[in-house]
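Structural characterization, general
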Amino acid sequence: WRGSAARAMAATGGGWLHLGQLHWRLSALSLLSLSPRVELDSEWGRQRLNTQLILHSGDELELADMDAVLDAELLRQYLPVSLVGSIALQFNRLVLLDGLPREAEGRLVWQDGGWHSPQGRRGLGTYAVDVSNEEAGGIRGDIVTLAGDVVATGQAVLKNNGYELEVL
């Protein structure tokens, strides 16, 4: 029902994500509802993850009470630019269907954000995205600047397999 590993990795679409030291606890009662619930805690350097994973079906996974900090460099697997800083995720609920977000309630913060350019590190600032579900379906993120020289404001909408981005 519970255990730990000195080192663990998770397969992602862009490669392997190192989780580092991992502790887990499976709720035996959750097996009765056919939605297994596992509490996970991991730590790998400055990177950490604390969440509850709930498996609703073979293609639907829910992360509840998620608190995570990741290195922004991990996004290089998905974006053609080398980012710096850290990404903090604090979600009450995040539902993934076939690996894509379908429902979300929480906040994402890019702290000390910037990128590596040919001339060296370029700082941008610290930004937050407050994420919520839209009534018409989809996920909306309101973008705000918390600190920094580059001020950004706007919104992002993720619906089905597409997105809209409006940032000033």
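Everything below is about the structure printed above this text.
Residues numbered from 1 in each chain as written. Predicted model: local features only at pLDDT ≥ 70, side-chain atom pairs only at ≥ 80, totals over all residues. Heavy atoms only, no water.

So, about the environment of L32. When you line up the elements, L32 lands in the loop between β2 (15-26) and β3 (37-44). Judged by its relative accessible area of 70%, L32 is exposed. (Helix = DSSP H or I, 4+ residues; strand = E, 2+ residues; numbered from the N terminus. Buried < 20%, exposed > 50% of the residue type's maximum accessible area, 1.4 Å probe, protein only.)

Let us look at the pattern of salt bridges. Taken as a whole and judged by the stated rule, the model has six salt bridges. Among the ionic pairs, R48 bridges to D67, the shortest N-O distance being 3.2 Å. Of this pair, R48 sits in strand β4 (residues 47-55) while D67 sits in strand β5 (residues 60-71), and the two are 19 residues apart along the sequence. When its relative accessible area of 28% is taken as the criterion, D67 is described as partly exposed. When the shortest N-O distance is used, the salt bridge between R107 and D130 registers 2.6 Å. You can see R107 sitting in strand β7 (residues 100-117) and its partner D130 sitting in strand β8 (residues 120-133), a full 23 residues away along the chain. Judged by relative accessible area, which is 30%, D130 ranks as partly exposed. The network of salt bridges with shared partners includes E62, R93 and E103. (Salt bridge = Lys/Arg side-chain N within 4 Å of Asp/Glu carboxyl O.)

Following the sequence through the fold, S42 ends up in strand β3. In this structure the side chain of S42 is engaged in a polar contact, spanning 3.4 Å, whose partner is the backbone oxygen of L19. Among residues more than four places away in sequence, those in contact with S42 are L19, Q21, L22, Q47, R48 and L49. (Polar contact = N/O pair within 3.5 Å; in protein donor to acceptor, adjacent residues only side chain to side chain. Contact = heavy atoms within 4.5 Å.)

Let us look at the sheet that holds β4. In space, the eleven strands of this open sheet follow the order β1-β2-β3-β4-β5-β6-β7-β8-β9-β10-β11, with antiparallel pairing throughout. The open sheet terminates on both sides in strands that have one partner only, identified here as β1 (2-12) and β11 (162-167). Averaged over all adjacent pairs, the angle separating strand axes in this sheet is 20 degrees, with direction ignored. Where β5 lies against strand β6 (residues 83-97), eleven bridges are found, and the strand directions are antiparallel. Residue pairing across strands places D67 opposite Q90, the latter belonging to β6. (Pairing = 2+ DSSP bridges. Axes fitted to C-alpha atoms, helices over the stretch in contact; angles between N-to-C directions.)

Here the focus is the environment of D149. On the secondary structure map, D149 appears in the loop between β9 (139-147) and β10 (154-159). Its relative accessible area of 78% is what places D149 among the exposed residues. Put simply, D149 and A68 are 81 residues apart on the chain and 26 Å apart in space, counted from C-alpha to C-alpha.

Per the counting criterion, the structure on display carries one aromatic pair. For the pair W110 and Y127, a centre-to-centre distance of 6.0 Å together with 40 degrees between the ring planes defines the contact as tilted. Residue W110 is found in strand β7, and its partner Y127 is found in strand β8; the two are separated by 17 residues along the sequence. For W110, a relative accessible area of 16% puts it in the buried group. (Phe/Tyr/Trp six-rings, centres within 6.5 Å; stacked < 30°, edge-to-face > 60°.)

Next up on the list: the nonpolar core. With 23 residues, the main nonpolar core has M66, L89, F91, L94, A104, W110 and V131 as its most contacted residues. Elements with a minimum of two residues in this core: β2, β5, β6, β7, β8 and β9. Looking at this core element by element, the count peaks at six residues for β6. Aside from chain neighbours lying at most four places away, what touches L94 is L61, E62, L63, M66, P101, E103 and A104. (Core = buried A, V, L, I, M, F, W, Y, C linked by side-chain atoms within 4.5 Å.)

Remember, this is a structural readout, not a statement about activity or role.
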